[in-house]
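Working through the structure, step by step
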Amino acid sequence: MYGDAFERLGLKESDLKLYFGCLVGFTGDRVNVGGYVEIAIAFGEGEFVKKFQVKYLVIAFRAMYNVLLGRDTLNKVCAIISTAHLTVKYPTCNGKIEVLRVDQEAARECYAQSLALYGKKAAKESHRITEISPHEDFNLDPCDDSEELRPQPAEDTKSIQVAGRALKIGSTLSIEQEDRLIELLKNNLDLFAWTIKDVPGIDPKVISHKLSIQPGAKPVVQARRKMGEEKDKAVRVETQILLEGRFITEVQYPTWLANVVMVRKANGKCRTCTDYTSLSKVCPKDSYPLPNVDKLVDGAFENELLSLMDAYSGYNQIMMHRPDEEKTAFMTYQANYCYRTMSFGLKNAGATINV
């Protein structure tokens, strides 16, 4: 709910309930949330009306719109929206289907007033998608490699020392929350990976990645591709890092062999990838149901704290099924290597990590 609509409803700041967080736009712009208010709304009119409580996040922001309805509200109504026809259909309590139609002229006028309020430049920028380059933290995780483009804390942080380690925590935590967080960090400091050598991996008895190769499939040894001096140097550095982390091992007489491919990123640097197209062709797709991001986000609503902690080099913490290790072999000018851990790029790797 926008600030103007909040005021026109006669609501006051005392009606707001605390909300910890902010709204982030497509371009990374952040808008602070003043709190939320719970209001009973009527969807439709007459005998087709549906009434229920809706929680609105309130922001001090001028707009030509009054409110924006989220997925949770639309799901309660069981609404089906057609932007092409500017209509909304929803089932009523008596089993009939009601249709809400929007005046197209009014919609165009509202859009024109929005352009006049914020300018055409802002409208164009709001549709721009910024390309985020992968993170080059040993080229192991497909994360962001630019501090400016990485998600930043919504509040100021301060540095603390825990067992000789420099950490950062939020500066707006209460004394009780801060003490509990520091105690939690002290008791679990060994769970954090400070270097690539601190990644022990998961016991294969718990989980390992197995290649389900179709019976009768013939092994493929790809023809070696030529590589320039600059790219060859990058491959040597990457290979050495993987060897130090015990993610790969040298292999002899492999029956499957893939090329290393250097992919140039937006920032001009290169990312080392392995061409597993031949191997993927003979592996059936595992349609494991991945988590629904929308439901995960909606489930975090009303919680005061949300942990964004992620597994360091998560793919490389899952071991390969021992008989399948040699099938992940790739070639370099120095030697041939195969993965001891699950490589990013193998088919069905996403299903394995989400099990």
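Data block above holds the structure.
Now for a description of the structure that goes with this document.

What counts, and at which threshold
Residues numbered from 1 in each chain as written. Predicted model: local features only at pLDDT ≥ 70, side-chain atom pairs only at ≥ 80, totals over all residues. Heavy atoms only, no water. Salt bridge = Lys/Arg side-chain N within 4 Å of Asp/Glu carboxyl O. Buried < 20%, exposed > 50% of the residue type's maximum accessible area, 1.4 Å probe, protein only. Pairing = 2+ DSSP bridges. Helix = DSSP H or I, 4+ residues; strand = E, 2+ residues; numbered from the N terminus. Phe/Tyr/Trp six-rings, centres within 6.5 Å; stacked < 30°, edge-to-face > 60°. Contact = heavy atoms within 4.5 Å. Core = buried A, V, L, I, M, F, W, Y, C linked by side-chain atoms within 4.5 Å. Axes fitted to C-alpha atoms, helices over the stretch in contact; angles between N-to-C directions.

Take the pattern of salt bridges next. Per the stated rule, a full pass over the model turns up five salt bridges. Put simply, Arg322 and Glu325 hold a salt bridge, and the shortest N to O gap is 3.7 Å. Judged by relative accessible area, which is 10%, Glu325 ranks as buried.

A word on the pairing of strand E3 (residues 35–43). Relative to strand E4 (residues 50–58), E3 runs antiparallel, the two sharing nine bridges. Looking across to E4, one finds that Ala42 is bridged to Lys51. Counting the residues in the hairpin turn of E3 and E4 gives six residues, including Gly44, whose phi is positive at 90 degrees.

Considering all chains together, one arrives at two aromatic pairs under this definition. Pairing Phe330 with Tyr337 gives two aromatic rings, centres 6.0 Å apart and planes at 35 degrees, and the pair type is tilted. The burial state of Phe330 is the same as that of Tyr337; both residues are buried. Relative to Tyr339, the ring of Phe330 lies with its centre 5.6 Å away and its plane at 45 degrees, an arrangement referred to as tilted. For the pair Phe330 and Tyr339, one class covers both residues: buried. These aromatic residues form a ring-pair network of at least three members: Phe330, Tyr337 and Tyr339.

A positive phi angle is found at Arg246, which is not glycine, with a value near 60 degrees. Looking at the element boundaries, Arg246 is found in the loop between helix H6 (229–244) and strand E11 (248–250). For Arg246, a relative accessible area of 47% puts it in the partly exposed group.

Let us now look at the sheet that holds strand E16 (residues 336–339). Read from one edge to the other, the open sheet built from three strands follows the order E11-E16-E15, with strand pairing classed as antiparallel. The outermost strands of the open sheet, each flanked by one partner alone, are E11 and strand E15 (330–331). Relative to E16, E11 is paired through three bridges, and the arrangement is antiparallel. Within E16, the position partnered with Ile248 by the bridge is Tyr339.

Turning next to the environment of Ser343. Inspection of the secondary structure puts Ser343 in the loop between E16 and helix H9 (349–353). For the pair Ser343 and Gln317, spaced 26 residues apart in sequence, the C-alpha to C-alpha distance is 9.7 Å. Residues in contact with Ser343, not counting those within four places in the same chain, are Tyr276, Tyr315 and Ala349.

Counting 24 residues, the largest nonpolar core has Ile248, Tyr276, Leu279, Phe330, Tyr339, Met342 and Leu346 as the members making the most contacts within it. Residue assignment for this core shows that the elements contributing at least two residues are H6, strand E12 (260–264) and E16. Those residues in contact with Leu346 that lie beyond four places of it in its chain are His209, Tyr276, Leu279, Met320 and Thr328. Listed in part, the 15 residues of the second largest apolar core include Ala5, Val58, Val77 and Ala79.

Next up on the list: the sheet that holds strand E5 (residues 80–82). If you walk across this open sheet you meet the three strands as E5-E6-E7, and the pairing is antiparallel. Strand pairing shows two members of the sheet lacking a second neighbour, E5 and strand E7 (97–101), which therefore form its edges. The mean inter-strand angle of the sheet, taken between neighbouring strand axes irrespective of direction, is 20 degrees. Bridge count between E5 and strand E6 (residues 87–91): three bridges; the pairing is antiparallel. Looking at the pairing, Ile81 lines up with Val88 of E6.

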